[in-house]
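Fold and contact review
Listed here are the chains, written in short residue letters.
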Amino acid sequence: MLDTDQLIICEHCDCVYHKVPLGKHQKALCQRCGAELQRYNGLTLQQRLALSFTAGVLWLLANFYPVMSISLQGFSNSATLWDSVLALATGPITFIALVAAISIIIAPLFQLLLLIWVLCFAVAGQRSPGFSLCMRWLETLRPWSMLEVCLLGAMVAVFKLAGLLDVLPGIGLLALAALSLLMIRVAGRDIRELWDSLP
Amino acid sequence: MSRPPLASELNLMLCHACGKACDISVAGHCCDRCGAPLHARKPNSLTRTWAYLIASLVFYVPANLLPVMNTKMLGSGDDSTIMSGVIEFWSHGAWDIALIIFIASIAVPATKFVALGLLLITVQRGSDWAQRERSKLYRFVELIGYWSMLDVIVVALVAALVKFQALGDIEPRPGILFFGLVVVFTMLAAMSFDPRMIWESRQPEEHTDEVSSH
């Protein structure tokens with residue numbers, strides 16, 4: 001019988017390979033379909049936990065400070081991420097506010113909470129309570145977390161309004177930029193390796 | 001061309017939740033590591049993908065025809081659709097922003113319809129044409145998936161900011177709801193498509209029997 005722990009199955013074409021140790025910047029591709037099988041992961045558990053806490057602080061800044069403020073003939077106004085979700089919630093289109101809330105606020109928050117929970121135990125060499133459930137939710141949430149899109153959207157909004165009135169990017173926008181980059185690093189596919197490192 | 005052995009030939013199945021190679025003679029119907037149900041292929045993949053794809057095509061029509069927002073400046077109101085937003089940026093010389101919005105809101109969904117349609121039809125015909133390229137195409141569709149949410153976020157932010165009653169007011173309009181639905185349904189369509197079906201051609205191909213390390 002094969003030792004299945006050392007095998008990788010290509011998600012895109014079902015080919016079976018042995019796992020290989022990778023060096024810096026290396027990744028392993030499937031011979032048949034060219035999909036990525038493995039990628040070098042340079043983060044230790046402690047580093048990933050530290051970055052997750054950083055991302056948590058950035059999430060707070062991105063959500064509690066205005067993303068940008070505008071002024072027009074002496075009047076001024078500013079909006080946070082939550083304000084923009086509420087702006088969609090008016091009238092018959094409330095459903096889209098829910099989608100927006102999930103993709104720019106709720107999904108990233110839950111990803112971070114789950115990561116911090118799982119990693120705090122992992123650093124001590126244990127599986128956290130509800131480990132499988134947390135890991136499965138991390139997989140489910142990933143495609144619905146759209147911070148990068150939100151960042152680009154905020155920048156487009158700055159340009160869109162800049163022609164009409166004075167626009168001032170806020171602390172929230174900076175935090176959002178840093179947060180979206182950090183999320184790519186800490187909450188990527190490679191968290192699956194926790195399954196192997198915690199027997 | 002020779003290829004590595006397939007999971008089905010070794011009695012293995014990939015767990016989609018945790019990525020483990022499960023021995024089905026030992027594991028049965030659930031992954032022995034994370035407990036998620038095991039499937040050789042995503043269940044009802046073709047039917048589900050067609051359903052989501054057709055639903056998103058239907059929503060694509062009102063998403064482009066209905067206004068996505070209403071701009072009121074000094075009393076005069078003005079509805080704008082996605083395309084009119086692009087044209088406005090273009091005519092003001094901001095071709096780069098116009099291009100970003102055009103790609104994210106119009107080109108990306110259209111590309112996804114064409115690409116997923118092509119993948120579905122070739123898979124149903126059991127074609128062995130350009131399998132590697134079609135596999136790449138699927139990964140591209142997955143990658144560009146959520147960028148169409150851009151316009152939803154732009155409208156949300158702009159509507160939240162510009163609230164000066166008589167002086168100026170921007171409100172979202174139903175077009176943005178349909179637009180968001182297009183994004184959600186095309187994402188669901190891409191997720192329910194199983195790229196492994198691309199490789200199930202009717203012609204048998206040669207293969208090697210050993211598990212190689214790449």
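Residues numbered from 1 in each chain as written. Chains lettered and ligands numbered in written order. Predicted model: local features only at pLDDT ≥ 70, side-chain atom pairs only at ≥ 80, totals over all residues.

This brings us to the domain arrangement of chain B. Assigned domains of chain B: these are domain 1 (1-40) and domain 2 (42-199). Taking the mean C-alpha position of each, domain 1 of chain B and domain 2 of chain B sit 34 Å from one another. (Domains from an automatic or database assignment.)

Relative to each other, helix α5 (residues 147-162) of chain A and helix α6 (residues 150-161) of chain B sit at 50 degrees, their axes nearing to 8 Å. With respect to α6 of chain B, the element α5 of chain A is oriented oblique. By crossing handedness, the relation of α5 of chain A to α6 of chain B is classed as right-handed. In contact with V149, C150, L152, G153, A154, V156, A157, K160 and L161 of chain A of α5 of chain A, α6 of chain B contributes L150, I153, V154, L157, V158 and L161 of chain B. Class assignment for the residues of the contact of α5 of chain A with α6 of chain B results in 13 nonpolar, one polar and one charged. (Axes fitted to C-alpha atoms, helices over the stretch in contact; angles between N-to-C directions. Helix = DSSP H or I, 4+ residues; strand = E, 2+ residues; numbered from the N terminus. Parallel < 35°, antiparallel > 145°, perpendicular 65-115°, else oblique. Left-handed = near helix turned anticlockwise from the far one by under 90°. Contact = placed C-beta atoms within 7 Å. Nonpolar A, V, L, I, M, F, W, Y, C, P; charged D, E, K, R; others polar.)

What follows concerns the domain arrangement of chain A. Taken domain by domain, chain A comprises domain 1 (1-40) and domain 2 (44-197). The C-alpha-based centres of domain 1 of chain A and domain 2 of chain A are spaced at 31 Å.

With that settled, the discussion passes to the interface of chain A and chain B. Each partner contributes residues to the interface: chain A has 61 residues there, and chain B has 62 residues. Looking at the side of chain A that touches chain B, the element that brings in the most residues is α5 of chain A, giving 10 residues. Along the lines of polarity and charge, the residues of the side of chain A that touches chain B split into 41 nonpolar, 12 polar and eight charged.

Moving on, we come to the environment of G85 of chain B. Residues and elements named next belong to chain B. Along the chain, the position of G85 falls in helix α3 (residues 82-91). Given 23 C-beta atoms within 10 Å, G85 falls into the buried group. Separated by 13 residues in the primary sequence, G85 and A98 have C-alpha atoms spaced 7.9 Å apart. For G85, the residues in contact, after removing those within four places along its chain, are S80 and I101. (Buried ≥ 20, exposed ≤ 12 C-beta atoms within 10 Å, placed from the backbone.)

In this section: the sheet that holds strand β5 (residues 168-172) of chain B. Residue and element names in this part refer to chain B. One open sheet accounts for three strands, arranged β4-β3-β5; its pairing is antiparallel. At either end of the open sheet lies a strand with only one pairing partner, and these are β4 (76-80) and β5. With direction set aside, neighbouring strand axes in the sheet form an average angle of 15 degrees. As judged from the five bridges shared by strand β3 (residues 69-73) and β4, these two strands associate in the antiparallel manner. (Pairing = 2+ DSSP bridges.)

Its location among the elements puts S135 of chain B in helix α5 (residues 131-144). The exposure class assigned to S135 of chain B is buried, which follows from the 23 C-beta atoms found within 10 Å. Counting along the chain gives 28 residues from S135 of chain B to A107 of chain B, while the straight-line C-alpha distance between them is 20 Å. Among residues more than four places away in sequence, those in contact with S135 of chain B are H12, C13, C33, G34 and A35 of chain A together with P195 and I198 of chain B.

To continue, consider the sheet that holds strand β6 (residues 75-79) of chain A. An order of β6-β5-β7 (chain A) is seen for the three strands of this open sheet, with the pairing classed as antiparallel. At either end of the open sheet lies a strand with only one pairing partner, and these are β6 and β7 (166-169) of chain A. Between one strand axis and the next, the sheet turns through 20 degrees on average, direction left out of account. In terms of strand pairing, strand β5 (residues 68-72) of chain A meets β6 of chain A through five bridges, oriented antiparallel. Pairing of M68 of chain A across the sheet is with A79 of chain A, part of β6 of chain A. Set on the sheet, α6 of chain B makes contact with β5 and β6 of chain A; between it and β6 of chain A the angle comes to about 140 degrees.

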